[in-house]
Amino acid sequence: MKFGILFISIGIGIISYMLYNINKYMENSLELRELNSINKNCHLINIQTTMNYLIPFKEKYLIASEYKPFDLYEFHSYLNNKVYNDILYLIDIKTEKYVVIKINDFPGNVPFHPHGLSLYKKSENEYILYVINHAVDYNYEGRERIEKINVFYNNKDKEVKMYYDSSITLPNEYFLRVDSITVINEDVFYFTTNTPLPSPRGSDELSDLKSKMLYYASSLIKLSMTMLNIKQCKVYLYNNKNTFNKISAVSQSESLLNKGIAFDRRRNLLYVMRSMEKELNIYKINNEEDTQLYKTIPILYVGNNIYYDEDKDLLYIGINGKMNEFDSLVYSYKKNKNFENLGIFSGYEIIDPKNNYSINELTLFKNEFKWVSSSIQINDKNYMSSIFTKGINVCSNN
């Protein structure tokens with residue numbers, strides 16, 4: 001029975017691989033070029049690690065989540081060896097100096113691998129930071145968690161302090177890998193899931209034959225899901241006010257790869273990035289029990305994380321040229337090859353909701369910054385993070 005399932009997976013995988021290469025050929029035929037890059041003056045905030053999410057804080061700082069996905073998902077070395085916890089950074093945008101954020105009272109036995117971030121304002125100097133945590137370790141049978149962290153800002157000494165509050169553990173049987181989060185009210189938020197495979201319980205690094213078979217079979221299933229257009233990723237609402245059903249799926253949110261999510265409080269809208277489909281889904285939040293698909297906006301490139309700036313009424317998206325460029329970067333990383341000279345296109349797109357979601361600005365660099373995760377703008381500067389290039393890229397107009 002087990003071998004039968006494996007052979008079926010392999011058969012589907014071979015067909016899907018052929019379809020994948022046809023799709024890759026078609027995507028390669030798309031011609032990319034730099035856009036607006038000549039008008040930009042860029043430099044790097046030299047932090048010696050890769051980042052995923054960026055969110056602004058008090059218009060003076062950035063909060064950034066360190067992210068090393070290949071330790072967690074490509075090599076799965078956390079199952080055999082201790083992977084050091086990732087961290088959050090607080091970056092002063094004026095001086096470009098940064099400090100590691102200490103989360104006081106955080107449980108010592110829980111791994112910390114932050115991903116999506118969302119900040120909820122309680123008062124002028126008191127906030128709640130919600131952090132998606134891939135809390136799995138070689139000696140900790142963890143799950144996907146949402147960490148709730150209280151944030152206090154002292155105006156007098158300009159000091160930021162964070163204290164662990166509580167955790168929301170998500171049931172494994174119902175969720176894939178959790179990606180991004182946006183908070184509506186305290187303990188009411190939406191989050192996206194993306195592809196769960198290959199299985200984190202099997203890897204090509206493991207010597208155990210059963211684990212290897214599991215890894216390769218799940219990899220083929222993942223490929224099949226993508227090429228056969230099987231949409232498993234969804235958007236979920238978590239509402240702590242509900243006594244029984246605290247978590248519910250948003251209708252018409254199925255996707256091959258849901259990524260960034262943002263809440264537009266002005267219009268009561270939810271923005272969701274569908275990366276594989278190259279679309280931005282917009283949902284109308286009628287109430288906390290009724291979220292309906294309102295509009296779909298095509299995105300020219302592969303969208304990643306998104307951020308809605310309420311003051312400027314603009315939507316910022318980290319973008320990348322082609323999905324197969326990501327495959328090239330992963331391959332080079334896994335084979336320990338230099339990917340500095342790969343022709344990778346990345347940048348950011350700014351969308352204007354009040355102008356019928358037209359493009360306010362589109363900037364695309366070649367080899368400037370490999371695979372942009374997040375893009376946000378403070379004052380006249382755009383800040384970009386990447387899971388391949390260390391540091392924060394800062395660009396302004398010449």
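Residues numbered from 1 in each chain as written. Predicted model: local features only at pLDDT ≥ 70, side-chain atom pairs only at ≥ 80, totals over all residues. Heavy atoms only, no water.

### With respect to the nonpolar core
- One finds Ile63, Leu88, Ile103, Leu117 and Leu129 to be the most contacted residues of the largest nonpolar core, which totals 22 residues.
- Elements with a contribution of two residues or more to this core: β2 (51–57), β3 (61–66), β4 (88–92), β8 (126–134), β9 (144–154) and β10 (159–169).
- Not counting the four nearest positions on each side in its chain, isoleucine 103 is found in contact with Leu88, Phe112, Ile149, Met162, Tyr163 and Tyr164.
- Counting 20 residues, the second-largest nonpolar core is a separate cluster that includes Leu280, Ile282, Ile299 and Tyr357. (Core = buried A, V, L, I, M, F, W, Y, C linked by side-chain atoms within 4.5 Å. Buried < 20%, exposed > 50% of the residue type's maximum accessible area, 1.4 Å probe, protein only. Helix = DSSP H or I, 4+ residues; strand = E, 2+ residues; numbered from the N terminus. Contact = heavy atoms within 4.5 Å.)

### A word on the packing of aromatic side chains
- In this structure the tally under the stated criterion is 14 aromatic pairs.
- Relative to tyrosine 238, the ring of phenylalanine 189 has its centre 4.9 Å away and its plane inclined at 15°; by these criteria the two rings are stacked. Here the residue phenylalanine 189 occupies a position in strand β12 (residues 188–194), and tyrosine 238 occupies one in strand β13 (residues 235–239), the gap between them amounting to 49 residues.
- What makes tyrosine 238 buried here is its relative accessible area of 6%.
- For the ring pair tyrosine 271 and tyrosine 308, a centre distance of 6.1 Å and an interplane angle of 55° mean the geometry is tilted. Taken as a pair, tyrosine 271 in strand β16 (residues 269–274) and tyrosine 308 in strand β19 (residues 302–309) lie far apart in primary sequence, 37 residues in all. Both residues of the pair, tyrosine 271 and tyrosine 308, count as buried.
- Through a chain of ring-to-ring contacts, three or more aromatic side chains come together here, namely Tyr130, Phe189, Phe191, Tyr236 and Tyr238. (Phe/Tyr/Trp six-rings, centres within 6.5 Å; stacked < 30°, edge-to-face > 60°.)

### Quick notes on the sheet that holds strand β20 (residues 314–320)
- The four strands lie next to each other as β19-β20-β21-β22, forming an open sheet whose pairing is antiparallel. The strands lining the two open edges of the sheet, one partner per strand, are β19 and β22 (358–366). Adjacent strand axes in the sheet meet at a mean angle of 15°, parallel and antiparallel pairs treated alike.
- Direction of pairing for β19 relative to β20: antiparallel, over a ladder of six bridges. Within β20, the position partnered with valine 302 by the bridge is asparagine 320. (Pairing = 2+ DSSP bridges. Axes fitted to C-alpha atoms, helices over the stretch in contact; angles between N-to-C directions.)

### As for the side chain of serine 255
- Tracing the backbone shows serine 255 in the loop between β14 (247–249) and β15 (258–264).
- Separated by 3.0 Å, the side chain of serine 255 and the backbone nitrogen of leucine 257 make a polar contact.
- In contact with serine 255, other than residues within four places in its own chain, are Lys231, Gln232, Cys233, Arg274 and Glu277. (Polar contact = N/O pair within 3.5 Å; in protein donor to acceptor, adjacent residues only side chain to side chain.)

Nothing here speaks to function; it is all geometry.
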